[in-house]
Amino acid sequence: MELQYGFGRETRVFSVPDKNLLCEVTQNPVEADATGSDAIRLALADPIGTKRLRDMVRPDQKIVIVTSDITRPCPSGLIIPEILEELHAGGADNSQITVVFALGSHRRHTEAEKKQLLGESVYGKIACADSGTEGFVHMGTTAAGTPVDIDCTVASADLRICVGNIEFHYFAGYSGGAKAIMPGVSTREAIQQNHSRMVLEEAKAGNLLGNPLRQDIEEAAAMVGVDFILNVVLDEEKRVVKAVAGDLRKAHEAGCRFLDRLYKIGIPERADIVVTTPGGFPKDINLYQAQKALDNAKHAVKDGGIIILAASCTEGLGSEVFERWMLGSESPDAMIEKIQKQFELGGHKAAAIAMVLKRCRIFLVSDLEDSFVRKLFMEPFSSVDEALTEAFRILGKDSSVIFMPHGGSVLPHVTE
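These numbers come from a predicted model, not from an experiment. Here, residues in each chain are numbered from 1, in the same order as that chain's written sequence. pLDDT decides what is reported in this predicted model: residues at 70 or higher carry local features, side-chain atom pairs at 80 or more are listed and counted, and totals for whole chains, interfaces and linings draw on all residues regardless. Hydrogens and water molecules were not included; the side-chain quantities draw on all heavy atoms of the structure.

A. The overall build of the chain, seen in detail. In DSSP terms, a helix is any run of H or I states spanning at least four residues, a strand is any run of E spanning at least two, and both are numbered starting from the N terminus. Within the chain one finds 13 helices and 20 strands. A radius of gyration in this sense is built from C-alpha atoms; the matching globule rule multiplies 2.2 Å by the number of residues raised to 0.38. The globule rule puts the C-alpha radius of gyration for 416 residues at 22 Å, and the 21 Å found for the chain is close to it. With the principal axes as the frame, the chain shows a C-alpha extent of 70 × 45 × 40 Å. With 416 residues in all, the chain has 59% of them scored as buried. Sequence-distant contacts, at least 24 apart, represent 74% of the contacts inside the chain between residues at least 6 apart. Using a 1.4 Å probe, accessible areas were evaluated by the Shrake-Rupley method; residue-level cover was limited to the displayed protein chains. As displayed, the chain has an accessible area near 16600 Å², and 46% of this comes from carbon and sulfur atoms. In this count, Lys and Arg are taken as positive residues and Asp and Glu as negative ones, while His and the chain termini are left out. Positions of charges follow a simple convention, taking NZ of Lys, CZ of Arg, CG of Asp or CD of Glu. The positive charge centre, built from 45 side chains, and the negative charge centre, built from 58, are 2 Å apart in the chain. Relative accessibility thresholds used throughout: buried, under 20% of the residue-type maximum; exposed, over 50%; partly exposed, between the two (1.4 Å probe, protein chains only). Here a residue-residue contact requires only that any non-hydrogen atoms of the pair lie within 4.5 Å.

B. Examining the packing of aromatic side chains more closely. Note on ring pairs: Phe, Tyr and Trp rings are taken, using the six-membered ring of Trp, and paired if centres are within 6.5 Å. Classes follow the plane angle, with under 30 degrees stacked, over 60 edge-to-face and the rest tilted. On inspection of all chains with the given rule, the structure shows 6 aromatic pairs. Ring geometry for Tyr5 versus Phe14: centroids 6.0 Å apart, planes at 55 degrees, classification tilted. Phe14 matches Tyr5 in its accessibility class, with the two residues each being buried. Summarising the aromatic geometry, the rings of Tyr170 and Phe171 are spaced 4.7 Å apart at their centres and angled 75 degrees between planes, so their arrangement reads as edge-to-face. In this structure, Arg9 is placed above the aromatic ring of Phe281, and the distance from its NZ or CZ to the ring centre is 3.7 Å. Only when the NZ of Lys or the CZ of Arg is both within 6 Å of the ring centre and within 35 degrees of the ring normal is a charge said to sit over the ring.

C. Highlighting the pairing of strand E16 (residues 301-310). Counted residue by residue, E16 has 7 buried out of 10 residues, so it is predominantly covered. Across 5 bridges, strand E15 (residues 271-276) lies against E16 in parallel orientation. Bridged to Val274 within E16 is Ile307. Crossover handedness is defined by viewing with both strands directed away from the observer: a clockwise path from the first strand over the helix to the second marks the crossover as right-handed. Regarding topology, helix H8 (residues 287-297) serves as the crossover connection from E15 to the parallel E16, and that connection is right-handed. In this structure, E16 lies alongside strand E17 (residues 361-365), joined through 5 bridges in parallel fashion. Paired with Leu309 across the two strands is Leu364, which belongs to E17. Strand pairing is assigned whenever DSSP detects at least two bridges linking the two strands.

D. Representation of the packing of H8 against helix H11 (residues 347-357). One can describe the packing of H8 onto H11 by two numbers: an axis separation of 10 Å at closest approach and a directional angle of 35 degrees. Every pair of crossing elements has a handedness; the one defined by H8 and H11 is left-handed. Of the residues in H11, those in contact with Leu287, Tyr288, Gln291, Lys292, Leu294 and Asp295 of H8 are His348, Lys349, Ala352, Ile353 and Val356. Classes in brief: Ala, Val, Leu, Ile, Met, Phe, Trp, Tyr, Cys and Pro nonpolar; Asp, Glu, Lys and Arg charged; the others, Gly included, polar. Residue classes in the contact of H8 with H11 are distributed as 6 nonpolar, 2 polar and 3 charged. Comment: axis = line fitted to C-alpha atoms, over the contacting stretch for helices; angle = value between 0 and 180 degrees taken between N-to-C directions. Crossing handedness: left-handed means the near helix sits turned counterclockwise from the far one by under a right angle, and right-handed means the same turn made clockwise.

E. Broad picture of the nonpolar core. Judged by nonpolar contacts, the single largest core of 90 residues is most densely connected at Ile181, Val274, Leu287, Met326, Ile353, Met378 and Ile402. Here the element with the most residues in this core is helix H7 (residues 248-263); it accounts for 8 residues. Not counting residues up to four positions away in its chain, the partners in contact with Ile402 are Leu22, Cys23, Val25, Ile267, Glu269, Ala271, Ile273, Val274, Val275 and Ala300. Within this scheme, the nonpolar core is defined by two criteria: the residues are buried Ala, Val, Leu, Ile, Met, Phe, Trp, Tyr or Cys, and they are joined through side-chain atoms within 4.5 Å.

Structure below.
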């Protein structure tokens, strides 16, 4: 059987014998009320737990729209024009509105990337800036000791609107909602303090209400104040199949419930070999982002098995700290021990990969140099076919295979 997957901006194929393929983990069939811009307009017209956005607008307000950066698949260019229509209907002028890209700990954008994110209809007409451009302001400290240090433009706004997409997150439970504030427009020090809670048992994918790390995120956002959110759920083709709008928590929870129906996938058993990919650009832009697919794949592979991760990683590892941890550690065990004693943002991704390596081998199909990949405690291959051939040689020709073409989105679990 030939199977296809996204690799950077390309589509590639590989083959696996029918007898070996246990299953392909793809989204569940879920009927959408509306898709694309229609779904966004529907959500804006019927918000959850708040008035319509147009009814929140007041004269001379400073309005900020916080949206995702280039590493996220959030379709800002589709969402923000619809939000602007709603704001204009309430009497807002473009001069009142600023778009802030939530960088978290990521690199700054080029102007071309800002234009790509916003689209021709918005870029140049609305002020836009990366978070941190004007500095940060301290707004308090959470019960867990996380400093709430927020981008000045966001902190000084009169009306705060957060935009994002919802998907599973390996320790925050889900993306979207309050994550636009923490870590989105927070300082590196604040993010590091919040993310240090990732080692707690309940800080895991698919866990929202009982997740201590997520609770810290929600507390930080409540201290800042978010007036309105618009979050979307994307299908495997990156099309909007659900939009939720309104109250920060109520709307986000509704979006998470839809995501569960779409992407929590039952599998008959764990496989000897799991082939996974983030789904192409931008999710495989670097290993820092592609790690999410690897983390979800660990739920589908047997102990002692092999995960084949196909991710272009054209921008390398994506974080200097992450690179230092990956290249400067003696072993995966050393990374795990170190993160428990001395948490460091960026190092947390290295430790997460190390925890996967404790359970199975990782074959990496990427654009990285072979010698570099070996330094990451992974094994390099030029194609998925080549990697599969070697996996069958090691584990046996009858080894079972699970394929996860959108590994960063789906959360597999063994059904009883």
